[in-house]
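Chain by chain, the residues run as shown.
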Amino acid sequence: MGSGSEYGLSERGEPKERIPSGASAAPRHRVRLDQPRAPRRSLLPEYDPEAFGRFSERIARFIGTGRFLVWMTLIIILWVVWNIFAPRDLRFDEYPFIFLTLMLSLQASYAAPLILLAQNRQADRDRVTQEQERKQNERSIADTEYLTREIAALRMGLGEVATRDWIRSEFQDLMKEMDDRHLFPQDTSGGSDEGDR
């Protein structure tokens, strides 16, 4: 008989993990399919993809206000007045105002994509809202059709139910028919059953 290590037992008598034989017999790490993978590490910095969108929407909202137009108008007026009436050595942009034109075109070149990005985000939100409203309308229509069918079924069922007036008229017809056939003998003792009816 051999030692306990041949049968997968350690020196202390505990079961050992079975290791396959061969040159490449290193134990492999098993991947669990019932659990999500751990995220891979990236060399790029992590960022919130919605943060820039929210920032662009704030800027686009501010650009679309009257306050922005007033501030921009005041800055342009001050720029022009300063560069016309200030002493020559303090002027930073002479008469054709090339630097002012550059600043305004730079502002416009950034404002247009930011406004488009904000509009795209708003269009995405509107699309989701419309989809939810469409589903809600479909559910409401289905509920209304179901209730309409149920009310129609109840009306049809009530059409076959005997009402109090119908039963009373049937009893009156039966009593009249029985009186006509003389099924009840007339009481000649002077008592009348008119009050009993």
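Residues numbered from 1 in each chain as written. Predicted model: local features only at pLDDT ≥ 70, side-chain atom pairs only at ≥ 80, totals over all residues. Heavy atoms only, no water.

**Quick look at the overall build of the protein**
Rule in force here: Helix and strand definitions here come from DSSP, where helices need a minimum of 4 consecutive H or I residues and strands a minimum of 2 consecutive E residues; each element is numbered from the N-terminal end. Relative accessibility thresholds used throughout: buried, under 20% of the residue-type maximum; exposed, over 50%; partly exposed, between the two (1.4 Å probe, protein chains only). Note on contacts: a residue pair is in contact if any heavy atoms of the two residues lie within 4.5 Å.
Broken down by element type, the protein carries four helices and zero strands. Put simply, the protein runs from its N terminus to its C terminus through helices and strands in the order α-α-α-α. Scored against the burial criterion, the 197 residues of the protein give a buried share of 9%. Summarising the internal contacts of the protein: among those between residues at least 6 apart in sequence, 42% fall at separations of at least 24.

**Quick word on the confidence of the model for the protein**
Reading predicted coordinates in detail is not appropriate for stretches of low pLDDT. Our working definition: The predictor attaches a confidence to each residue, called pLDDT, with possible values from 0 through 100.
Per-residue pLDDT for the protein has a mean of 81; in total, 79% of the residues score no lower than 70. Here residues 1-7 is modelled with pLDDT under 50, and outside its nearest four sequence neighbours on either side it reaches two contacts, counting other chains as well.

**Thoughts on helix H3 (residues 98-159)**
Since one α-helical turn is 3.6 residues long, residues separated by three or four positions face the same way. Using the following cut-off: Multiply 1.5 Å by the residue count of a helix minus one, and that product is the helix's expected span.
Its 62 residues place the ends of H3 89 Å apart at the C-alpha level, agreeing with the 92 Å of an ideal helix rising 1.5 Å per residue. Among all positions of H3, only Leu 100, Ala 111, Leu 114, Ala 118 and Arg 121 are buried. Structurally, H3 contributes buried residues whose contacts are with helix H1 (49-63) and helix H2 (66-85).

**Description of a nonpolar patch on the surface**
This is how it is decided: By definition, no residue in a patch forms a salt bridge, and every one has over 30% relative accessible area; like charges are joined within 9 Å, nonpolar side chains (Val, Leu, Ile, Met, Phe, Trp, Tyr) within 5 Å. Residue-level accessible areas treat just the shown protein chains as cover; the underlying method is Shrake-Rupley with a 1.4 Å probe. Salt bridges are identified by distance alone: a Lys or Arg side-chain nitrogen within 4 Å of an Asp or Glu carboxyl oxygen.
Where nonpolar side chains cluster on the molecular surface, the patch consists of Trp 82, Leu 90, Phe 92, Phe 99, Leu 102, Met 103, Leu 106 and Tyr 110 and spans about 830 Å² of accessible area. Here the nonpolar patch gets five residues from one element, more than from any other, and that element is H3.

**Topic: the pattern of salt bridges**
All told, the structure shown has 11 salt bridges when counted by the stated rule. With its nearest N and O atoms 2.5 Å apart, the salt bridge here joins Glu 138 to Arg 134. One end of the pair, Glu 138, and the other, Arg 134, are both in helix H3, four residues apart, so they sit about a helical turn from each other. Residue class for Glu 138 comes out partly exposed when judged on its relative accessible area of 44%. Take Arg 134: its relative accessible area is 38%, and that puts it in the partly exposed class. Overlapping salt bridges, with partners in common, bring together Glu 50, Glu 57, Arg 61, Arg 121 and Arg 125 in one network.

**Considering the environment of Ser 109**
Which entries qualify depends on this criterion: Polar contact is defined as a pair of N or O atoms within 3.5 Å, subject to the rule that within protein one atom must be able to donate a hydrogen and the other to accept it, and that residues adjacent in sequence are counted only when both atoms are side-chain atoms.
Position of Ser 109 among the secondary structure elements: in helix H3. Relative accessible area serves as the criterion here: at 42%, Ser 109 is assigned to the partly exposed category. From its side chain, Ser 109 meets the backbone oxygen of Leu 106 in a polar contact 2.8 Å long.

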